[in-house]
Amino acid sequence: MIQSWWAVPTLQIPTPHSPLPTPHSPLPTSHSPLPTPPKMTHPIITAESLGKYYKLGRSPERYQSLRDTLASQLRHMRRGLTRRRRVAPSLEDGFWALNDVSFSVNQGDRLGIIGHNGAGKSTLLKILSRITEPTTGRIGLRGRVASLLEVGTGFHPELSGRENIFLNGAILGMGKVEIHRKFDEIVAFAEVEKFLDTPVKRYSSGMYVRLAFAVAAHLEPEILIVDEVLAVGDTAFQKKCLGKMEAVGKEGRTVLFVSHNMGVIQALCNRGIVLKKGQVVLDDSAQKAVSTYLSNLETAVSQDLAERQDRRGIGNIRLQKIEAYTADEYQSSTLATGRPVRFIFSLNRPTAGVSCIFTLYDQYGNAVVNFNSSIHSQADQIKDNLHNQIVCECDTLTLMPGRYRMNVAIFKAKELEDYLEAAAMIDVKDGEIQGRPVLSGIQPGHLAIPHRWLMPA
Ligand SMILES: Nc1ncnc2c1ncn2[C@@H]1O[C@H](COP(=O)(O)OP(=O)(O)OP(=O)(O)O)[C@@H](O)[C@H]1O
Ligand SMILES: [Mg+2]
């Protein structure tokens, strides 16, 4: 989880982004307060024209162990950071997962990186954490970096939790005494006391992430890089992590954070970068980044589903169309709280043996409800007249009025065939549940649950 390299001589790179004083700056007048001297902030991170080219059909790069990472960092330190020659894209056999990405981050910035699935967010974080090399461009980092990327990267699987804490600390350049000082705090935060001497390969993914986060956040890195692994933990732990990240930010340390949850990005970050197809389309406040991302999603939804390229999965089976309508005698595409609803997923080929999972999200990206055809109920039916369609029916739509975004995954034989983020928008109008009106804008929350009151006479 922890990657570090020692800033001084190799990593201080002058950047074209530093603000230069201009000859036109107004002189102070007797009425105006004296201008505060410009803060001499050198960016703590610079990314210049970063590109990452992946060859198609090649097995994904193996993640490096800490030892590999350290060795490669030492190689870097020896030869210094040299600008890589720009490699012309060879269009026949690959694609640019990142293309000409440049930005800089000042110390104390909490930068949210957002974008669709496949936009290049994790690739960027892996480059900044030196887990993978950029194909073009260069990065500059002034400080120790701790990163928490996907589960499976970073820790040495054969070593115990205790040994991994010490190993990570040592790699960050901390002495034994210093690590000892942090040790109890890390263990308490991760809640893994009982498993400290168990090899981490035996940890559940939740335990692994808890320990990895605790190590990354407590070993006092100057730069903390967190991919959206937090989704793995339970809600209470997620809250704790967000609190810790906020505290790390307040201490003046720099945080880079990837999430699909716009509420969290807004709460945690002061800056935001939107990536789209490997390129930076916006570098601004977190607020602006979130609204740009949300409007990009709206645009994506308005495209013909069959034509969309921003999808994941093997791709033999593809989602072509989603319909959602009120499934009563007044069939209509207007959904309302309390009415029955039918979702129809049309695929490009017969659907036998296929399963469908879809999740509805609120406008900030919080998951509201999940439907999964591979978890069975007696109410499910196998129909021989469905051909290319999968249907999901609900007798009563218990969602509050509002707008929901749907992500859909199609699996066959446990393999992901197709996955689309923002595959559809679902608008739910005011309605009623058991005769009780459910109105937008009046009642908070996402759910309208049938209920009755027992009141005193
Ligand atoms: N090791 C690899 N080899 C080949 N292609 C890869 C590799 N890693 C990522 N890709 C591809 O590069 C693109 C960017 O991937 P990346 O994981 O950076 O996206 P992301 O923005 O993190 O997406 P998500 O939101 O789904 O996590 C995707 O098309 C992905 O399939
Ligand atoms: Mg990712």
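Everything here concerns the structure above.
Attention here is on the structure that accompanies the text.

Attention now moves to the overall build of the chain. In terms of regular secondary structure, the chain is built from nine helices and 21 strands. In the chain, buried positions account for 47% of the 457 residues.

With that settled, consider the packing of aromatic side chains. The final tally for this structure, using the stated rule, is 11 aromatic pairs. Judged by centre distance (5.0 Å) and plane angle (45°), the rings of Phe-345 and Phe-358 are tilted. Of this pair, Phe-345 sits in strand 14 (residues 341-347) while Phe-358 is found in strand 15 (residues 354-361), placing the two residues 13 residues apart along the sequence. On the accessibility criterion, Phe-345 (0% relative accessible area) is buried. Of the aromatic side chains, those joined through ring pairs into one cluster are Phe-343, Phe-345, Phe-358 and Phe-371. A cation sits over an aromatic face here: Lys-240 above Phe-189, 4.7 Å from the ring centre.

The next subject is the pairing of strand 5 (residues 136-141). Of all six residues that make up strand 5, six are buried, and the element is covered over most of its length. Here strand 2 (residues 45-55) runs beside strand 5; their pairing, made up of five bridges, is antiparallel. Note on strand 5: the bridge partner recorded for Thr-46 is Gly-140.

With that settled, consider the site of ligand 1. As a structural note, the neighbourhood of ligand 1 is formed by 15 residues, with Asn-117, Gly-118, Lys-121, Ser-122 and Thr-123 the closest of them. A distance of 3.5 Å separates a nitrogen atom of ligand 1 from a polar side-chain atom of Tyr-54. Gly-120 places a polar main-chain atom, nitrogen or oxygen, 2.9 Å from an oxygen atom of ligand 1. If ligand 1 stood free it would expose 640 Å²; the protein chains cover 77% of that surface.

Here helix 4 (residues 161-171) crosses helix 5 (residues 176-190) at 135°, and the two axes come no closer than 10 Å. One element, helix 4, and the other, helix 5, form an angle in the oblique class. Considering how the two elements wind past one another, helix 4 and helix 5 form a crossing that is right-handed. Facing Arg-162, Ile-165, Phe-166, Gly-169 and Ala-170 of helix 4, the residues of helix 5 in contact are Lys-176, Ile-179, His-180, Phe-183, Ile-186 and Val-187.

If you walk across this open sheet you meet the three strands as 3-2-5, and the pairing is antiparallel. Edge positions in the sheet fall to strand 3 (94-105) and strand 5, since each has one partner strand and no second. When strand polarity is set aside, the average angle formed by the axes of neighbouring strands in this sheet is 25°. Packed on one face of the sheet, helix 3 (residues 121-128) meets strand 2, strand 3 and strand 5 and runs near 60° to strand 3.

With that out of the way, let us pick up the sheet that holds strand 14. Taking strand neighbours across the sheet as the criterion, the three strands line up as 12-14-17 in an open arrangement whose pairing is antiparallel. Strand pairing shows two members of the sheet lacking a second neighbour, strand 12 (319-326) and strand 17 (389-394), which therefore form its edges. Pairwise comparison of adjacent strand axes, ignoring direction, gives a mean angle of 15° for this sheet. In the sheet, strand 12 pairs with strand 14 via seven bridges, with the strands oriented antiparallel. When the sheet's bridge partners are listed, Thr-326 is paired in strand 14 with Val-341.

What follows covers the nonpolar core. One finds Ile-114, Ile-165, Leu-211, Phe-213, Leu-224, Met-245 and Phe-257 to be the most contacted residues of the largest nonpolar core, which totals 51 residues. At nine residues, the largest contribution of residues to this core is made by helix 6 (residues 205-218). Leu-319, Ile-390, Leu-420 and Val-438 belong to the second-largest nonpolar core, a separate cluster that totals 34 residues.

Helix length check: helix 7 (residues 235-250) (16 residues) gives 23 Å between terminal C-alpha atoms against 22 Å at 1.5 Å per residue, within 8%. Gly-252 occupies a position one or two residues after helix 7 and carries a positive phi of about 90°.

Taking 1.5 Å of rise per residue, the 14 residues of helix 6 would be expected to cover 20 Å, and the 20 Å separating its terminal C-alpha atoms lies within 8% of that figure. For helix 6, the tally of buried residues reaches 13 of 14 residues, placing the bulk of the element in the interior. Just beyond helix 6, the residue with positive phi is Glu-220, at close to 50°.

Mapped onto the fold, Lys-244 is located in helix 7. Comment: no salt bridge for buried Lys-244; closest opposite-charge side chain is Glu-185, at 4.7 Å. Contact partners of Lys-244, with chain neighbours within four places excluded, come to Phe-189, Phe-213, Ala-217 and His-218.

Quick look at the pattern of salt bridges now. A full pass over the atoms with the stated rule returns 15 salt bridges. As a salt-bridge pair, Arg-162 and Asp-197 come within 2.9 Å of each other at their nearest N and O atoms. Of the two residues, Arg-162 is situated in helix 4 and Asp-197 in the loop between helix 5 and helix 6; the sequence distance between them amounts to 35 residues. What makes Asp-197 exposed here is its relative accessible area of 53%. Close ionic contact of Asp-418 with Arg-311 constitutes a salt bridge, the shortest N to O distance being 2.6 Å. Of this pair, Asp-418 sits in strand 19 (residues 415-429) while Arg-311 sits in strand 11 (residues 311-312), placing them 107 residues apart in sequence. With respect to burial, Asp-418 and Arg-311 carry one shared label: buried. What emerges from the salt-bridge pattern is a single network uniting Asp-109, Arg-271 and Asp-283.

Parameters and conventions
- Residues numbered from 1 in each chain as written.
- Chains lettered and ligands numbered in written order.
- Predicted model: local features only at pLDDT ≥ 70, side-chain atom pairs only at ≥ 80, totals over all residues.
- Heavy atoms only, no water.
- Helix = DSSP H or I, 4+ residues; strand = E, 2+ residues; numbered from the N terminus.
- Buried < 20%, exposed > 50% of the residue type's maximum accessible area, 1.4 Å probe, protein only.
- Phe/Tyr/Trp six-rings, centres within 6.5 Å; stacked < 30°, edge-to-face > 60°.
- Lys NZ or Arg CZ within 6 Å of the ring centre and 35° of its normal.
- Pairing = 2+ DSSP bridges.
- Near = heavy atom within 4 Å.
- Polar contact = N/O pair within 3.5 Å; in protein donor to acceptor, adjacent residues only side chain to side chain.
- Areas by Shrake-Rupley, 256 points an atom, 1.4 Å probe, with all protein chains shown as cover.
- Axes fitted to C-alpha atoms, helices over the stretch in contact; angles between N-to-C directions.
- Parallel < 35°, antiparallel > 145°, perpendicular 65-115°, else oblique.
- Left-handed = near helix turned anticlockwise from the far one by under 90°.
- Contact = heavy atoms within 4.5 Å.
- Core = buried A, V, L, I, M, F, W, Y, C linked by side-chain atoms within 4.5 Å.
- Expected span 1.5 Å × (residues − 1).
- Lys, Arg positive; Asp, Glu negative; His and termini not counted.
- Salt bridge = Lys/Arg side-chain N within 4 Å of Asp/Glu carboxyl O.

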